[in-house]
Amino acid sequence: MKTINMKHNAALALVALLMCAGTRVVFTQTGTQRSPVAPSRDQVQSVINQAYEKFKSDTGGKNADYIPALAQVDSKLYGVVAITTDGQMVSDGDIDSPFSIQSISKVFSLALAMEELGPDQVFAKVGSEPTGRPFNSVEAVADMPTHTGNPFVNAGAIATVSLIQAPSADAKWQKILDFYSKAAGEKLTLLQDVYKSEAETNTGNRALAALLLKYERIYADPLESVDVYTKQCSVGVTAKQLAVMGATLANDGVNPITHERVIKKENVPEILAAMTMEGLYDGSGGWAWHVGLPAKSGVGGGIVAVVPGKGAIAVFAPPLDEAGNSVKAQKTIAYVADQLGINLFSPRSVGLK
Ligand code: DON
């Protein structure tokens, strides 16, 4: 049966005509789009509950401790949320506990830089090649022809921040926070303790910025850029807010809760491509192989995976693997993706069995 998405108030006469012709019309709220082969709310709820029960006692991994404040976070916290592109939510566990967004922020700073400069400029100035190295690798900066690598490793992310236009570092930080808040549909704030802890210990990131200066691949003051970057990593989000941010990408750049356009439609595919190739750093190849969804991790324990036209899944669970990706979040999303048949590389994802 053919399914067509339509905005409200659009030609009721046409609806009647199509119904007579045996075509099912799916009404969506204004500004949202839902794939005709998206799993039902009940299916998603049931699989999320199963995943939660299956992995809640998993003790694999260890909290990040190179940022001292992250070592203090309760390792048992575990929350799973899915938001669909038509604004439905299903969840289990600790979905309202704020945690630092960390590297997941890099997706939304990339989106902001692309809004301002356009994708070609950002691609030229940052690049999008996987490094195959840890997220904070100095060797990758020295070895890669672009030096910046991609917008998700620390060096490329600091360069991306340096591209965002503002009259001062404070104005730039405010602009970034406002942009993230629009994607989350709620006002987000800085977790002061995380920011302080990271700012006191991020000599590695300052060294990366200095190296970028040597290669002429940073486009504003290096130390100021590192400071704004450190603030963006210290933004607090809940699993619920993170899922809305992901669902905004799944919904072609329109927040499915507020219906506000946040990201230009034409920039979304490039952002999702970058997430597929580099979102889990040196774990990205294995993730693409096993799960097949664009995703981004952060050392705060969050991962968000995007299912274009269907929704997003966000998981928060602090213990990480060697690459800095949450162990439980990876297992949860892998299980949900498999059970729901949403791996983008599988014909099941477009409704073929
Ligand atoms: O710069 C850092 O090291 C952190 N603020 C962010 C690193 C991160 O989240 C890597 N992700 N898995």
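This report concerns the structure included in the present document. (Residues numbered from 1 in each chain as written. Predicted model: local features only at pLDDT ≥ 70, side-chain atom pairs only at ≥ 80, totals over all residues. Heavy atoms only, no water.)

Looking at the packing of aromatic side chains
Considering all chains together, one arrives at six aromatic pairs under this definition. Relative to Tyr-78, the ring of Tyr-52 has its centre 4.8 Å away and its plane inclined at 10 degrees; by these criteria the two rings are stacked. In this pair, Tyr-52 is assigned in helix H2 (residues 41-55) and Tyr-78 in the loop between helix H3 (68-71) and strand S3 (79-84), connecting sequence segments 26 residues apart. Taking the relative accessible area as the measure of exposure, Tyr-78 reaches 1% and is therefore buried. (Phe/Tyr/Trp six-rings, centres within 6.5 Å; stacked < 30°, edge-to-face > 60°. Helix = DSSP H or I, 4+ residues; strand = E, 2+ residues; numbered from the N terminus. Buried < 20%, exposed > 50% of the residue type's maximum accessible area, 1.4 Å probe, protein only.)

Here we look at empty space enclosed by the protein
All chains considered together, the criterion is met by four cavities of 30 Å³ or more. Empty space within the largest cavity amounts to approximately 140 Å³. Lining of the largest cavity is provided by 15 residues; of these, Pro-39, Val-44, Thr-84, Lys-310 and Gly-311 occupy positions nearest its centre. Among the secondary structure elements, those contributing two or more residues to the lining of the largest cavity are S3, strand S10 (311-316) and helix H15 (327-340). Residues that form the lining of the largest cavity fall into these classes: eleven nonpolar, two polar and two charged. Volume-wise, the second largest cavity comes out at about 60 Å³. What lines the second largest cavity is a set of 15 residues, among which Ser-137, Ala-140, Val-141, Val-153 and Ala-155 lie closest to the centre. Looking at the lining of the second largest cavity residue by residue, the class counts come to eight nonpolar, seven polar and no charged. (1 Å grid on protein atoms, 1.4 Å probe; cavity = no way out; pocket = protein on both sides within 12 Å on 5 of 7 lines; lining within 4 Å. Points joined across faces, edges and corners; volume = space filled by probe spheres on them. Nonpolar A, V, L, I, M, F, W, Y, C, P; charged D, E, K, R; others polar.)

Description of the sheet that holds strand S7 (residues 235-237)
Pairing in this open sheet of three strands is antiparallel, and the strands run S5-S7-S6 from one edge to the other. Two strands close off the open sheet at either side, each with one partner strand: strand S5 (99-100) and strand S6 (189-190). Where S6 and S7 come together, two bridges link them in antiparallel fashion. Bridged to Leu-190 within S7 is Val-235. In the packing of helix H12 (residues 239-250) onto the sheet, the strands contacted are S5 and S7, and the crossing angle to S7 comes to about 95 degrees. (Pairing = 2+ DSSP bridges. Contact = heavy atoms within 4.5 Å. Axes fitted to C-alpha atoms, helices over the stretch in contact; angles between N-to-C directions.)

Side note on the sheet that holds strand S4 (residues 89-93)
Spatial strand order, S4-S3-S10-S9-S8: five strands in an open sheet with antiparallel pairing. Two strands lie at the open edges of the sheet, namely S4 and strand S8 (295-297), each paired on one side alone. The sheet shows a mean angle of 10 degrees between the axes of neighbouring strands, direction not considered. Here S8 pairs with strand S9 (residues 302-307) via three bridges, running antiparallel. Across the sheet, the residue bridging to Lys-296 is Val-304, located in S9. The strands that H2 touches are S3 and S4; relative to S4, the one it contacts most, it runs at about 15 degrees. This element, H15, spans S3, S9 and S10 of the sheet and lies at about 150 degrees to S10.

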